[in-house]
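Observations on chain architecture
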Amino acid sequence: MNFKKMSLILCVLFISVSMFTIHSANASASGDFEDVSPKHEAYEEISYLVNLGVIKGYTENGKTYYKPYNKVTRGQAAKMVVVASGNKPLVVNKSSFSDVAVGTELSGYVERVAQLGFFATNIKGDFLPNKPLTRDEMSYVLTKAFKLDASKYENINSPFVDVGITHPYVQYVNTIYYNGITKGSGQNYNPNSQVTRAQFSLFVARAKSEKYRLELPVKDVDVPDTSQIIGSVQVTTDGLNIRNTKDSSSNSNIVGTVNKGEKLSVYAAEGDWLKVSSKDAYTYIYKTYAQFLDADGNTLGNVQKQVTTTQNINVYVKASSSSKIISTVNSKVKLPVYETVNGYYLTEVNDLPGYIVANSTEDVTVEQPSTPVPALKPAPTPDPITPPVTGDLLGRVTVDNLNIRKEANSTSTVLGKLSKGEYVQVNSINGYWAQVTFEGQTGYVHKSYLKLLNQSGNPLKDRIIIIDPGHGGKDPGTSFGSISEKNITLKVGTLVKNKLEAAGAKVLMPRTGDTFPTPQDRVDFTHANYGEIFVSIHVNSAANTAAQGTETYYAKTPGDMYEEDIDLATFVNNQIVNNLNMKNRKVKEEKHIVSANTNIPAILVELGFLTNSEDRAKMTDDQYVEQFAESIYKGILQYYAKQ
């Protein structure tokens, strides 16, 4: 055989072997799994990642399976994203995590993702490699591993109803949504659901390659139009929540807070809410905690006179007919006048300041006599021991700029405003509206903003008090052996209820047996029954059995007059600590749904630690249980006894 013929044969053999090798590799790498057919939704993505060496299957009885519906663990996800992002395992001499042994294959990948910040790892020293990865965790992993820009998706609404603005992963869920990596399930993202191997393949492939990305959704951000501003307000309290919807029953729509003195532009007044702008988006604040300013940014001051319209006239944002028209007022409407500016009257229509033409012959006539109209002026805080008004029932105002209205509804004409610390005579109460008299003028205020004080008899008589035994039903709370939190709280709560009722109070409980109302159910129950204060009773626990003592929480939100919360929390906490010789863990601020979402003074008291032998002995002894109840009762009595 000559050299040329031998070369030709070798060449053919080489090509044949090469073709076989390539075909075999592709067959294996293409996801040739028994349980993933070419019709599977993730077939192409699985094939893509297999070819990259990111994922592989399981060989059982000579066959290869992908097991697409198995859950992906945090350890498996760590390895996949390290490989997919083009990184290598990190070799270390000492493990960073107590549950990942150094020297193992897993260790290298876990150490690398920790170094690169791909996971929001547990700072207590556990990586939890065998724990299934959840969809919210996945959003963080993908954003970090594939260097997606998350900055533009901070503090904006999620497209999913189950991922609120305060969700810890909302920014990352937004990021993978707007980058075409996930579309969710209808309106839901299901953040707590565990990720399957098929799902993770889809997400990783989309994150790594534009080829597999979903059609990018349009990020619809309604940018405020400054030409539509109708006025400005100054915030009158610290910690006022800014929300992206007009709903105070949940914290999921809170996008930030503002403090006393800060000014905001107003685009609309919608019932009890003001539409304002924050972070380049329309948001809402509760109107009670804001004071309108004139066009120069000053407070309105006192009413100087009143005028009556003689025809339909426009109300302008500024003292100029070329400025935006806020509204039109019909003829024969009486309007207050705060000052005259360049031929315009500064007035107020439906709580909104604005300017009307000061033309007494055509547009308005001045009321006769033209003496200044008395206004409810802010007054120095009166001596709390000697209120300057009389009556069997007084109300001490707990917020600034509280409206007194002509009728018992939030859209009625405002007759004047009350300042924090002032006292009014309470004539009657219907639901949440109290008819009051102040400086000879009678009107209505929302009783949530009054501390109701009996001037004779027991301070607790007729007060509507909500006692909330924590947990219940399917939710036992913390447990120790056969001892459960839900039973302790119900026992103590029932005793407190009996003591308060004996003093003349009207007491209601969201649960009186072994049932489980949700936290929001408890809030709704409180509002439906016109509660005046709310006390939630709980039992603590800790990994450290040495932790012990009593602590009481309040929520610093505008809706619940947090200074009243602090008073109530302090009285209850101190009574328990002193009467039962408990360690004083003090009064603390922390937002719990039941305290933050109620627009009345509301607290959550942790009696003691079930995990501590000394505290546990007291909370399971009937004599001490009686003392816990007596202490809560005395704390509430002390709160109402304070004028």
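Right, let's walk through the structure included here. (Residues numbered from 1 in each chain as written. Predicted model: local features only at pLDDT ≥ 70, side-chain atom pairs only at ≥ 80, totals over all residues. Heavy atoms only, no water.)

1. Points about empty space enclosed by the protein
All chains considered together, the criterion is met by 3 cavities of 30 Å³ or more. Computed from the structure, the second largest cavity encloses a volume of approximately 120 Å³. As for the second largest cavity, its lining consists of 14 residues, and the residues nearest its centre are Leu-450, Lys-451, Leu-452, Glu-532 and Pro-601. Listed by contribution, the elements that provide at least two residues to the lining of the second largest cavity are β24 (450-454) and α13 (622-641). Counting residues per element, the lining of the second largest cavity draws most heavily on β24, at 3 residues. Within the lining of the second largest cavity, the residues separate by chemical class into 8 nonpolar, 3 polar and 3 charged. (1 Å grid on protein atoms, 1.4 Å probe; cavity = no way out; pocket = protein on both sides within 12 Å on 5 of 7 lines; lining within 4 Å. Points joined across faces, edges and corners; volume = space filled by probe spheres on them. Helix = DSSP H or I, 4+ residues; strand = E, 2+ residues; numbered from the N terminus. Nonpolar A, V, L, I, M, F, W, Y, C, P; charged D, E, K, R; others polar.)

2. Brief notes about the nonpolar core
Membership of the largest hydrophobic core comes to 55 residues, with the highest contact counts inside it found for Phe-119, Met-138, Leu-142 and Phe-200. Secondary-structure elements contributing two or more residues to this core are α2 (43-51), α3 (74-84), α4 (105-116), α5 (135-145), α6 (170-178) and α7 (197-208). Ranked by size, the runner-up nonpolar core spans 46 residues in total, among them Val-258, Val-307, Ile-313 and Val-349. (Core = buried A, V, L, I, M, F, W, Y, C linked by side-chain atoms within 4.5 Å. Buried < 20%, exposed > 50% of the residue type's maximum accessible area, 1.4 Å probe, protein only.)

3. Digging into α7
Its 12 residues give α7 an end-to-end C-alpha distance of 16 Å, which sits within 8% of 16 Å, the value for a rise of 1.5 Å per residue. Among all positions of α7, only Arg-197, Ala-198, Phe-200, Ser-201, Leu-202, Phe-203, Val-204, Ala-205, Arg-206 and Ala-207 are buried. As for α7, its buried residues are in contact with α2, β1 (58-60), α3 and α5. (Expected span 1.5 Å × (residues − 1). Contact = heavy atoms within 4.5 Å.)

4. Describing the environment of Lys-474
Position of Lys-474 relative to the elements: it lies in the loop between β25 (464-469) and β26 (479-480). C-alpha of Lys-474 to C-alpha of Thr-515: the two residues are 41 residues apart in sequence and 7.5 Å apart in space.

5. Re the packing of aromatic side chains
Scanning the model with the defined rule gives 12 aromatic pairs in all. Here Tyr-316 and Tyr-344 contribute two aromatic rings whose centre-to-centre distance is 6.3 Å and whose plane-to-plane angle is 85°, an arrangement assigned as edge-to-face. With Tyr-316 in strand β11 (residues 313-316) and Tyr-344 in strand β15 (residues 344-349), this residue pair connects regions lying 28 residues apart in the sequence. A relative accessible area of 11% places Tyr-344 in the buried class. Among the aromatic residues, those joined into a cluster by ring pairs are Phe-160, Tyr-177, Tyr-178 and Tyr-189. Taking NZ or CZ as reference, Lys-67 lies 4.8 Å from the ring centre of Tyr-58, over its face. Here the basic side chain of Lys-451 rests over the ring of Tyr-639, its NZ or CZ set 3.8 Å away from the ring centre. (Phe/Tyr/Trp six-rings, centres within 6.5 Å; stacked < 30°, edge-to-face > 60°. Lys NZ or Arg CZ within 6 Å of the ring centre and 35° of its normal.)

6. Quick look at the side chain of Thr-478
Looking at the element boundaries, Thr-478 is found in the loop between β25 and β26. In this structure the side chain of Thr-478 is engaged in a polar contact, spanning 3.3 Å, whose partner is the side chain of Ser-541. If we skip the residues at most four places from it in the chain, Thr-478 touches Ile-483, Ser-484, Glu-485, Val-539, Asn-540, Ser-541 and Leu-610. (Polar contact = N/O pair within 3.5 Å; in protein donor to acceptor, adjacent residues only side chain to side chain.)

7. A short note on helix α9 (residues 519-528)
If you check which residues of α9 are buried, you get Arg-522, Val-523 and Thr-526. Projected onto a plane normal to the axis of α9, the buried residues spread over an arc of 100° and lie on a single side. Of the residues flanking the end of α9, it is Tyr-530, one or two places downstream, whose phi is positive at about 55°. (Arc of directions from axis to C-beta.)

8. Thoughts on the pattern of salt bridges
Taken as a whole and assessed by the stated rule, the structure comprises 19 salt bridges. A salt bridge links Glu-137 to Arg-74; the nearest nitrogen and oxygen atoms lie 3.0 Å apart. Residue Glu-137 is found in helix α5, and its partner Arg-74 is found in helix α3; the two are separated by 63 residues along the sequence. With relative accessibility at 13%, the residue Glu-137 sits in the buried group. Look at the salt bridges and you will find they share partners, linking Lys-499, Glu-626, Glu-630 and Lys-634 into a network. (Salt bridge = Lys/Arg side-chain N within 4 Å of Asp/Glu carboxyl O.)

9. Remarks on the sheet that holds strand β29 (residues 533-540)
Here we have 6 strands laid out as an open sheet, ordered β28-β25-β29-β32-β30-β31, and mixed in their pairing. What marks the edges here is a single partner per strand, and that holds for β28 (506-508) and β31 (584-589). Across the sheet, the mean angle from the axis of one strand to that of its neighbour is 20°, orientation sign disregarded. Packing against the sheet, helix α8 (residues 485-502) makes contact with β25, β28, β29 and β32 (602-609), and its axis sits at approximately 145° to β29. Its contacts with the sheet place α13 against β25, β29 and β32, and it is angled at close to 150° to β29. (Pairing = 2+ DSSP bridges. Axes fitted to C-alpha atoms, helices over the stretch in contact; angles between N-to-C directions.)

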